[in-house]
Amino acid sequence: LIVCTKILFDGWMENHIQKYFHHLFTPAIRLHGTDLRRFLKPDTNKNDPFEVKLKLDEICQHRIVLTNYDTLSNYQMSLALIDWSIIIFDEAQKIKEPGTSASKAAKAIKGRFKIASTGTPVENHLGNIFSLFNTVYPGPLLGSAKEFRESYNVSPETPRDEQAKKLDSLRKRIGVNELSGYLIRRNKEDGLQGLPTKTSEVHFCALSEKQEKIYDS
């Protein structure tokens, strides 16, 4: 099962599946739009969220199923009944917030091996990366949400030395780019040659009184 944004469907089909895995993982289908309608059961109740609405036997005849996060959420009860061998969450920032329907659906899908790929594993707070790990590798690695907050949570009021210690502890725990780690970080330079040297300029800007009140709230 490959879950990604709709705009990546053609890239997955043409650049990855057909180009590299055509002889290994065929046939492949898209569960979206008109292709999805082929696998819908007739006479289902659209208002019943617990009803199995997909023809699972026909879906399981395919080696690769490509879908998006909206379809995953809408047909969670059907797709969760399949024991997937591999599940790939591409553009996984879509499930970085644990309370969203996409994130809940992703956690409910069963798979022997799961992987999440994203360019922004942390966007708003460290809870984002916890949500991703809790989807693909739940359990003792990062503990429960409460244990994660107690161990690694930082805020603007947290002293900088304490922030640095917690972040370093988190990096070591998930093993960033380590052989036995759980997270591989790839920079643009790793895949693209001839890029100009990156130049960073940091400009500090003080918040207005109104902005500070909004930020603190």
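Residues numbered from 1 in each chain as written. Predicted model: local features only at pLDDT ≥ 70, side-chain atom pairs only at ≥ 80, totals over all residues. Heavy atoms only, no water.

Moving on to the pattern of salt bridges. This model, assessed by the stated rule, comprises 6 salt bridges. A salt bridge links Arg-30 to Asp-10; its shortest N-O distance comes to 3.0 Å. Of this pair, Arg-30 sits in strand E2 (residues 28-31) while Asp-10 sits in helix H1 (residues 9-20), and the two are 20 residues apart along the sequence. Take Arg-30: its relative accessible area is 25%, and that puts it in the partly exposed class. Of the residues examined, Asp-10 reaches a relative accessible area of 41% and is grouped as partly exposed. Among the salt bridges present, the one from Glu-209 reaches Lys-213, with a minimum N-O distance of 3.9 Å. Pair noted here: Glu-209 and Lys-213 are both in helix H11 (residues 209-216), with a separation of 4 residues, about one helical turn. A residue is classified by how much of its surface remains accessible, and Lys-213, at 58% relative accessible area, is exposed. (Salt bridge = Lys/Arg side-chain N within 4 Å of Asp/Glu carboxyl O. Helix = DSSP H or I, 4+ residues; strand = E, 2+ residues; numbered from the N terminus. Buried < 20%, exposed > 50% of the residue type's maximum accessible area, 1.4 Å probe, protein only.)

Here we take up empty space enclosed by the protein. Which parts of space are left empty comes out when a probe the size of a water molecule is rolled across the atoms. Evaluated as defined, the whole model comprises 1 cavity of 30 Å³ or more. For the largest cavity, the calculated volume is near 40 Å³. If you trace the largest cavity, you find it lined by Phe-130, Phe-133, Asn-134, Tyr-137, Pro-138, Gly-139, Leu-141, Leu-142 and Gly-143. (1 Å grid on protein atoms, 1.4 Å probe; cavity = no way out; pocket = protein on both sides within 12 Å on 5 of 7 lines; lining within 4 Å. Points joined across faces, edges and corners; volume = space filled by probe spheres on them.)

What follows deals with the layout of surface pockets. In this structure, the largest pocket occupies an estimated 1,800 Å³ of space. Thr-118, Leu-183, Ile-184, Arg-185 and Arg-186 are the residues nearest the centre of the largest pocket, which is lined by 40 residues in total. When residues of the lining of the largest pocket are traced back to their parent elements, those giving at least two are H1, strand E4 (84-90), strand E5 (111-117), helix H7 (127-136), helix H9 (160-174) and helix H10 (188-191). Considering each element in turn, the lining of the largest pocket owes the most residues, 5 residues, to E5. Residues of the lining of the largest pocket, tallied by class, amount to 22 nonpolar, 8 polar and 10 charged. Around the second largest pocket sit 18 residues that line it, and Leu-1, Arg-63, Ile-64, Ser-85 and Ile-86 are the ones nearest its centre. Listing elements by their share of the lining of the second largest pocket, those giving two or more residues are H1 and E4. Here the lining of the second largest pocket gets 4 residues from one element, more than from any other, and that element is E4. Of the residues that constitute the lining of the second largest pocket, the class distribution is 13 nonpolar, 2 polar and 3 charged. (Nonpolar A, V, L, I, M, F, W, Y, C, P; charged D, E, K, R; others polar.)

The next subject is the packing of aromatic side chains. Aromatic ring pairs: the centre-centre distance and the angle between the two ring planes describe each pair. Under the criterion given, the structure shown has 3 aromatic pairs. A centroid spacing of 5.1 Å and a plane angle of 35° characterise the contact between Phe-130 and Phe-148, whose relative ring orientation is tilted. Separated by 18 residues along the polypeptide, Phe-130 in helix H7 and Phe-148 in helix H8 (residues 145-152) bring together distant segments of the chain. Comparing Phe-130 with Phe-148 shows no difference in burial state: the two are buried. An aromatic cluster is present here, built from Phe-130, Phe-148 and Tyr-152 joined pairwise through their rings. (Phe/Tyr/Trp six-rings, centres within 6.5 Å; stacked < 30°, edge-to-face > 60°.)

The description of two helices packed together rests on the angle between their axes and the distance between the axes. Between helix H6 (residues 101-108) and H7, whose axes approach to 8 Å, the crossing angle comes to 30°. Here H6 lies roughly parallel to H7, going by the angle between them. The handedness of the crossing between H6 and H7 comes out as left-handed. When H6 is examined against H7, the residues Ser-103, Ala-106 and Lys-107 are found in contact with a partner set consisting of Ser-131, Asn-134 and Thr-135. When the residues that make up the contact of H6 with H7 are grouped by side-chain class, the tally is 1 nonpolar, 4 polar and 1 charged. (Axes fitted to C-alpha atoms, helices over the stretch in contact; angles between N-to-C directions. Parallel < 35°, antiparallel > 145°, perpendicular 65-115°, else oblique. Left-handed = near helix turned anticlockwise from the far one by under 90°. Contact = heavy atoms within 4.5 Å.)

Here we take up the pairing of E4. Relative to E4, strand E1 (residues 2-3) runs parallel, the two sharing 2 bridges. Its bridge partner being in E4, Ile-2 is matched across the sheet by Ile-88. One ladder, built from 6 bridges, connects E4 with E5; its direction is parallel. Across the sheet, the residue bridging to Phe-89 is Ala-116, located in E5. (Pairing = 2+ DSSP bridges.)

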